[in-house]
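Residue strings, one per chain:
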Amino acid sequence: MGLLDIFKKIEPDKKKSPILHTLYDAAFTFAYSPDSVTDGGVHIRDGLDLKRMMIHVVLALQLCFLFGTYNIGHQHFVASGEFLGFLEGFHLKLIHGLIQLVPIVLVTMIVGLGIEIIFAARKGHAVEEGFIVSGMLIPLIMPPDIPLWMLAVSIAFAVIVGKEAFGGTGMNIWNVALLSRVFIFFAYPTTISGDQVWVSGYESLAAGTQASYGWAHGLFNSLFELMGVDLFDSARTAVVDGYSGATPLALAYSGGWEAVTEKFSLAQMWWGTIPGSIGETSKPFIIIGALMLIVTKVASWRIMLSATIGAAVMALILNAWGATPIMDVPWYYQFYMGSFFFAAAFMATDPVTASTTNTGKWIYGFLIGFIGMIIRVMNPAYPEGWMLAILFLNTFSALIDHYVLEANMKKRLQRA
Amino acid sequence: MLSTILIIIGLILLLAVIMNVSDSLLQIEAKKSGIDIDKEDIGIIPKLSFDGMVSKPAIAKGGSHHNLKQGFEIKLAGEASHDFLPATSSTFAMRPMDYRGIAPIPKLFVEVGQEVKAGQPLFFNKSTPDIVYAAPVSGEVVEVRRGAKRAISDVVILADKKLTHHTVTAPDINKASREELVAFLMKSGAWPMINKRPFDVIASPDEMPRDIFISTFDTAPLAPDSMILIKGKEKDFQAGVNALAQLTEGSVHLGINNSAAGSWLSSVNNAEKHYFSGKHPAGNVGIQIHHINPIKSNDSVWTLGIQEVASIGALFTKGYLDTSRKVALVGDEFETTGYVDTYMGANIGELVKNNMTGDNTRIIAGDVLTGRTVATEDFLSAKTDQITTIKEGDYNEFLGWLVPIAPRPSTSGTFPNFLYPNHKFIADTNTHGEKRAFVASGDYESVLPMDIYPQHLMKAILANDYERMEGLGINELSEEDIAICEFACVSKQPLQKILRQGLDMMREQL
């Protein structure tokens, strides 16, 4: 009760300082659910509201976050040939991962929420919750070494042009998180494609390049010295001969499935100890998150299932065609590479941008899988097709719904 | 290996295509030779009947059977015990605002201080002077309450200890023409008991309804058991059905709960019986109409409640309009829940006197989804059969959206409700969140067992798109049908209000 009284006392005036009021309102509704009662219409309301729905998506992402953070460190040390076992050098890998990840998350949240607060203050309404999920998804789809200023620009683009220009939460046509990634992809392509970007901590992945550690690493070094464990040492950590930061997908383009299995085992690809975007590598954790969303009815299982079916169908067709090495990758192994699971579970199922009718969801998901697989396989310049396929289908999701509704209306008319 | 799998799949697909084509060809042939393919099972592929999942009761011969999959039961605490409480009301009122479609200031037949008999005309609507709105009890008219802009809100009568009825001579159903019956019903005050759909307004006497639908059970949260409400009036109910059957060119349809299949309802004459099983809103007449024979573009159908049918029947069996009603007092904020024997339009305060616990409660005339907030000086609507009390929820909960892992009524799986399958919730009026734009999809469709896309309908109404509204099925809905969607709405949108806006827009078009 004490906290509530403090909150009520410090409420800034809405007219005189709109930005402060919006900030206050955001903090207050974060800490306390509002005391508004039903007025007209139903007298009791469902316990679920948008905040709770969004937080469940964030909770589902936490396993990916944990694993992704650790994997950043793991890949860093695999490149130098040290601590090859997954759990070796545990403290070093974890801290390195956190040092890479925490700034990304902070920048995402500050820039994104800052823009949302400004817009909400200008419009005079509360800060709406849409950015909670986008802000948690964006770090997971970025390469670990992304320059922070680039990230900030892309988030500003995504939130302003992709969301606020259309009217805010619930009104956007395209997936906001994907818009930020696609902005970097087209504006600064070298930072998000190629073999050099998926491993962090080195200026380049040429043999012999030493690791570049910053002040944060130095800070933890003093702690590690006290504890008597291994330290960050740029002299000791250098890229080994013959290391390429290629992801399984990049290897498949050149050499087919054989090239992939030479470098990575199936277990590695499944559990996710491979280079890639921060959150997309670990399939079991993504599946656990997806199951959590399905059980709580927050995300649509129809989209996830039909995307899988669409991808499988296209992969089968490409197997039958077999013109290039990557087309020959057996269709069930296509799922081990790249970010299919992440895209299908968390990106495609965004309720605002997906189709809203159940029939529409089947078609939407199927086409995402279908077209995404084409983009992945046919064009080596676009290393992962899901981002583009989902944005493409976002454009058409309303059209799909339109036809489903037209069919419903026609059926109703024919009854008459 | 892969190619053999592909060949096998291809062969199976080919077989399925052949079977489908031949099935359709058989059906075309059957249609040509005059066989009704809906009734007979023609074709190679056997008709899978999902209705067979819930076994058709053996007694339910004739009539259709519907197992509704979508819906949501809100299990609230405070169900009515089967006892009758001694509470009585001494004042009763007739409320013009309960009857949609009449002018805000109807013309009164009576004035304050006048003595009236039960069933005597009280007021009429200027544009429909033949339809009479009758007094629910006999006694003295003590007050004509006015609301905003001098609109009449209640015509209040202080009841006599023993009622005297305004007697009428009913025409013989078998001999009278439809016009005579309609005129009789209008004159005796029974006409306002009939609802017309679409728009859920007073029926128009010149119109011939396609069918008449009566739902004999109510699945709303804490709704009373309609078998108790109608107990003792079975003969009146049958007489009412007989009269109604004369008024329509189609039939009278009864929507019966699957669990009541063996009761006297199954042997009502002059009515088609349809058995429904499923969660709320399976008991809503709108849902039942959709499954029995949906409302098409220019149709109008009539609906009545179970006690209203008995009242109409009493005109023929007893010779007066039976305005007695049983009302259920439900909700966790009552000391004792139960049923009350009273008349239409009873005073709320007298019925709930000395029965309320707690200080911050809301009294609702009706159920928690569609009812009207009332104060103790207000009166029940004539067609309402329950009074619900719930706690007001004007409190702030710390981290309320994240933390409460205690069960709370919710259609999502984000509360651990599955751990407490038979738990009865103590709900309150807190909105549990603020109003937002439409974000989630599929949540309305999962609780509404109709072939309608509610979210798109709402958007069409908000965009004033008449053609789209009509095409998406607004004429099939009434507020009580969309109420469960409003409960489930994550964005806390006022769906019933939006729907009423849309229905009023459609009504103005005509």
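Since this is a predicted model, take the numbers as computed values, not measurements.

Let's talk about the overall build of chain A
Looking only at helices and strands, chain A has 15 helices and 1 strand in total. Rg of the C-alpha trace for chain A: 23 Å, near the compact-globule value of 22 Å for 416 residues, within the 12% margin. Its C-alpha atoms give chain A principal-axis dimensions of about 70 × 60 × 35 Å. Residues classed as buried in chain A amount to 56% of the 416 residues present. Counting every atom, chain A has about 16900 Å² of accessible surface; 68% of that belongs to carbon and sulfur.

With respect to the nonpolar core
By size, the foremost hydrophobic cluster in this structure holds 99 residues, and its most contacted members are Phe342 and Phe346 of chain A. When residues in this core are grouped by element, the largest group, 11 residues, is from helix H3 (residues 50-79) of chain A. Ignoring any residue separated from it by four or fewer positions in sequence, one finds Phe342 of chain A in contact with Leu61, Leu137, Leu140, Ile141, Gly279, Glu280, Ile286 and Met347 of chain A. Formed by 75 residues, the second largest nonpolar core is a distinct cluster that contains Phe184, Leu247, Leu329 and Ala365 of chain B.

Quick notes on the interface of chain B and chain A
At the interface, 73 residues of chain B touch 61 residues of chain A. Interface area for chain B against chain A, summed over the two sides, is near 5800 Å², with a carbon-plus-sulfur share of 57%. Counting the contacts that link chain B with chain A gives 4 salt bridges. For the salt bridge of Glu129 of chain A with Arg436 of chain B, the shortest nitrogen-to-oxygen distance reads 2.8 Å. Between chain B and chain A we count 29 residue pairs in polar contact (both at pLDDT 80 or more) in total. When residues of the side of chain B that touches chain A are assigned to their parent elements, the largest contribution, 4 residues, is made by helix H10 (residues 479-488) of chain B. Here the residues of the side of chain B that touches chain A sort into 31 nonpolar, 25 polar and 17 charged. Where strand E1 (residues 32-33) of chain A and strand E20 (residues 397-398) of chain B come together, 2 bridges link them in antiparallel fashion. Residue pairing across strands places Tyr32 of chain A opposite Phe398 of chain B, the latter belonging to E20 of chain B.

Considerations on empty space enclosed by the protein
Residue and element names in this part refer to chain A. Scanning all chains against the criterion turns up 7 cavities of 30 Å³ or more. Estimated volume of the largest cavity: approximately 310 Å³. Met54, Gly130, Val133, Asp350 and Pro351 are the residues nearest the centre of the largest cavity, which is lined by 23 residues in total. Those elements that provide at least two residues to the lining of the largest cavity are H3, helix H5 (130-140) and helix H13 (340-347). Ranked by residue count, the leading element in the lining of the largest cavity is H5, at 4 residues.

Let's talk about the packing of helix H2 (residues 178-187) of chain B against helix H4 (residues 234-247) of chain B
All names here are of chain B. The interhelical angle for the contact between H2 and H4, taken along N-to-C directions, is 125°, at an axis separation of 9 Å. As judged from the angle between their axes, H2 and H4 are oblique. Our pair here, H2 against H4, has a crossing hand that is left-handed. Together, Arg178, Leu181, Val182 and Leu185 of H2 and Ala243, Gln246 and Leu247 of H4 make up the contact between the two elements. Among the residues forming the contact of H2 with H4, the class breakdown is 5 nonpolar, 1 polar and 1 charged.

Quick notes on the packing of helix H12 (residues 301-321) of chain A against H13 of chain A
All names here are of chain A. Following both chains from N to C, one finds H12 and H13 inclined at 150°, their axes separated by 9 Å at the closest point. Between H12 and H13, the interaxial angle falls into the category roughly antiparallel. Here the hand of the crossing between H12 and H13 comes out right-handed. On the side of H12, the interface is formed by Met304, Ala307, Thr308 and Ala311, while H13 contributes Phe340, Ala344 and Ala345.

Concerning the environment of Glu79 of chain B
On the secondary structure map, Glu79 of chain B appears in the loop between strand E1 (64-68) and strand E2 (91-94). Placed 145 residues apart in sequence, Glu79 of chain B and Pro224 of chain B show a C-alpha to C-alpha distance of 8.2 Å.

A few points about the confidence of the model for chain A
Per-residue pLDDT for chain A averages 89, and the proportion of residues at 70 or more is 99%. Taken element by element, chain A is modelled with least confidence in helix H1 (residues 2-9) of chain A, mean pLDDT 80, and with most confidence in helix H6 (residues 148-162) of chain A, mean pLDDT 95.

Let's talk about the side chain of Ser277 of chain A
Locating Ser277 of chain A in the fold gives a position in the loop between helix H10 (266-271) and helix H11 (283-295). Apart from the residues lying within four places of it in its own chain, the contact partners of Ser277 of chain A are Leu140, Ile141, Met142, Arg181 and Trp198 of chain A.

With respect to the pairing of strand E15 (residues 324-330) of chain B
All names here are of chain B. Summarising burial for E15: 7 of the 7 residues are buried, a large majority. Here 6 bridges tie E15 to strand E16 (residues 338-343), and the two strands are oriented antiparallel to one another. Across the sheet, Arg325 pairs through a bridge with Thr342, a residue of E16. In this structure, E15 lies alongside strand E19 (residues 386-391), joined through 3 bridges in parallel fashion. Within E19, the position partnered with Ala328 by the bridge is Gln386.

Concerning the sheet that holds E1 of chain B
Residues and elements named next belong to chain B. The strand order across the open sheet formed by 7 strands is E1-E13-E12-E11-E14-E9-E10, and the pairing between neighbours is mixed. Of all strands in the sheet, those with a lone pairing partner are E1 and strand E10 (201-202), marking the two edges. One ladder, built from 3 bridges, connects strand E11 (residues 212-215) with strand E14 (residues 301-304); its direction is parallel. Across the sheet, Ile214 pairs through a bridge with Leu304, a residue of E14.

Concerning the confidence of the model for chain B
Residues and elements named next belong to chain B. For chain B, per-residue confidence averages 88 on the pLDDT scale, and 94% of positions sit at 70 or higher. Ignoring residues within four places in sequence, the model shows residues 49-60, a span with pLDDT below 50, making 20 contacts including any to other chains. Both confidence scores are given for the complex: pTM 0.87, ipTM 0.88.

Some details on the pairing of strand E8 (residues 152-159) of chain B
Residues and elements named next belong to chain B. Taken across its 8 residues, E8 has 6 buried, putting it largely inside the fold. In this sheet, E8 lies alongside E2 in antiparallel orientation, the contact comprising 4 bridges. Among the inter-strand pairings, Thr91 is bridged to a residue of E8, identified as Leu158. Pairing of strand E7 (residues 139-146) with E8, which is carried by 7 bridges, proceeds in the antiparallel orientation.

Quick look at a positive patch on the surface
A cluster of basic residues, Lys297 of chain A together with Lys75, Lys279 and Lys424 of chain B, forms a positive patch at the surface. Position of Lys75 of chain B relative to the elements: it lies in the loop between E1 and E2.

Quick word on the sheet that holds E8 of chain B
Adjacent strands of a sheet pair through backbone hydrogen bonds, lying either parallel or antiparallel. The 4 strands are arranged E2-E8-E7-E4 (chain B) in an open sheet whose pairing can be described as antiparallel. The sheet is open, and its two borders are formed by E2 and strand E4 (115-116) of chain B, each paired with just one other strand.

Procedures and definitions
Residues numbered from 1 in each chain as written. Chains lettered and ligands numbered in written order. Predicted model: local features only at pLDDT ≥ 70, side-chain atom pairs only at ≥ 80, totals over all residues. Heavy atoms only, no water. Helix = DSSP H or I, 4+ residues; strand = E, 2+ residues; numbered from the N terminus. Rg over C-alpha atoms; globule rule 2.2 N^0.38 Å. Buried < 20%, exposed > 50% of the residue type's maximum accessible area, 1.4 Å probe, protein only. Areas by Shrake-Rupley, 256 points an atom, 1.4 Å probe, with all protein chains shown as cover. Core = buried A, V, L, I, M, F, W, Y, C linked by side-chain atoms within 4.5 Å. Contact = heavy atoms within 4.5 Å. Buried area = accessible area lost by both parts, 1.4 Å probe. Salt bridge = Lys/Arg side-chain N within 4 Å of Asp/Glu carboxyl O. Polar contact = N/O pair within 3.5 Å; in protein donor to acceptor, adjacent residues only side chain to side chain. Nonpolar A, V, L, I, M, F, W, Y, C, P; charged D, E, K, R; others polar. Pairing = 2+ DSSP bridges. 1 Å grid on protein atoms, 1.4 Å probe; cavity = no way out; pocket = protein on both sides within 12 Å on 5 of 7 lines; lining within 4 Å. Points joined across faces, edges and corners; volume = space filled by probe spheres on them. Axes fitted to C-alpha atoms, helices over the stretch in contact; angles between N-to-C directions. Parallel < 35°, antiparallel > 145°, perpendicular 65-115°, else oblique. Left-handed = near helix turned anticlockwise from the far one by under 90°. pLDDT = per-residue confidence, 0-100. Patch = residues over 30% accessible without salt bridge, like charges linked within 9 Å, V, L, I, M, F, W, Y side chains within 5 Å. Lys, Arg positive; Asp, Glu negative; His and termini not counted. Charge placed at Lys NZ, Arg CZ, Asp CG, Glu CD.

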